[in-house]
Amino acid sequence: MNQITIGMNTHEASLVGGAYFYRVIADEDVWDKDTDQNIIIKTQVIKPDNSQIWMTFQNTTQYPDKGLQTFQVEFQKGKVVDIKNITKDTSC
């Protein structure tokens, strides 16, 4: 499988999507303010919580007919709930 799909966990998505930038809003009931955000992302696989996580990827496999694309993946409870292509259309 070369594409991120709804329901994948954070680890599966990172394996399929490749390198990514991320944004994390940690679940304050679980995490201290100074917790490494990478630990929060990795922990979602075994113990999902209410942290809000977005990963932004750029690859040619998510949208194979469109070439290199940038897209953002949103996670809730450690699972993919939304995938948005954010590449600007330059064909104008």
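Residues numbered from 1 in each chain as written. Predicted model: local features only at pLDDT ≥ 70, side-chain atom pairs only at ≥ 80, totals over all residues. Heavy atoms only, no water.

Novice: Go over the overall build of the protein, please, and point to the residues and values.
Specialist: A count of helical and extended segments in the protein gives two helices and four strands. Written out in order from the N terminus, the α and β elements of the protein read α-β-α-β-β-β. Projected onto its principal axes, the C-alpha coordinates of the protein cover approximately 45 × 25 × 20 Å. Put simply, the protein shows about 6200 Å² of open surface, and 50% of that area lies on carbon and sulfur atoms. (Helix = DSSP H or I, 4+ residues; strand = E, 2+ residues; numbered from the N terminus. Areas by Shrake-Rupley, 256 points an atom, 1.4 Å probe, with all protein chains shown as cover.)

Novice: Describe the packing of aromatic side chains, listing the residues and the values that go with them.
Specialist: On inspection of all chains with the given rule, the structure shows four aromatic pairs. An angle of 50° between the planes, with centres 5.5 Å apart, marks the rings of tyrosine 20 and phenylalanine 57 as tilted. Separated by 37 residues along the polypeptide, tyrosine 20 in strand 1 (residues 20–25) and phenylalanine 57 in strand 2 (residues 52–59) bring together distant segments of the chain. Ring centres 5.9 Å apart and planes at 80° place the aromatic pair tyrosine 63 and phenylalanine 71 in the edge-to-face group. Here phenylalanine 71 falls in the buried class, since its relative accessible area comes to 0%. Following the ring pairs from residue to residue traces out a cluster consisting of Tyr20, Tyr22, Phe57, Tyr63 and Phe71. (Phe/Tyr/Trp six-rings, centres within 6.5 Å; stacked < 30°, edge-to-face > 60°. Buried < 20%, exposed > 50% of the residue type's maximum accessible area, 1.4 Å probe, protein only.)

Novice: Can you lay out the pattern of salt bridges for me, pointing to particular residues and giving the numbers?
Specialist: Think of it this way: side chains of opposite charge can pair up when their charged atoms draw near. For the structure shown, the criterion picks out one salt bridge. The partner of lysine 84 in a salt bridge is aspartate 82, with the nearest N and O atoms 3.7 Å apart. (Salt bridge = Lys/Arg side-chain N within 4 Å of Asp/Glu carboxyl O.)

Novice: Give a description of the nonpolar core that names residues and reports values.
Specialist: Considering soluble globular proteins, one finds that nonpolar side chains tend to be buried as a cluster. Ranked by size, the top nonpolar core spans 14 residues in total, and within it Ile4, Phe57, Val73, Phe75 and Val80 carry the most contacts. At the level of elements, helix 2 (37–43), strand 2 and strand 3 (69–76) are the ones that each hand at least two residues to this core. Once residues lying within four places of it in the same chain are set aside, the contact partners of phenylalanine 75 are Met8, Asn9, Thr10, Ala13, Ser51, Gln52, Ile53, Met55, Val80 and Val81. (Core = buried A, V, L, I, M, F, W, Y, C linked by side-chain atoms within 4.5 Å. Contact = heavy atoms within 4.5 Å.)

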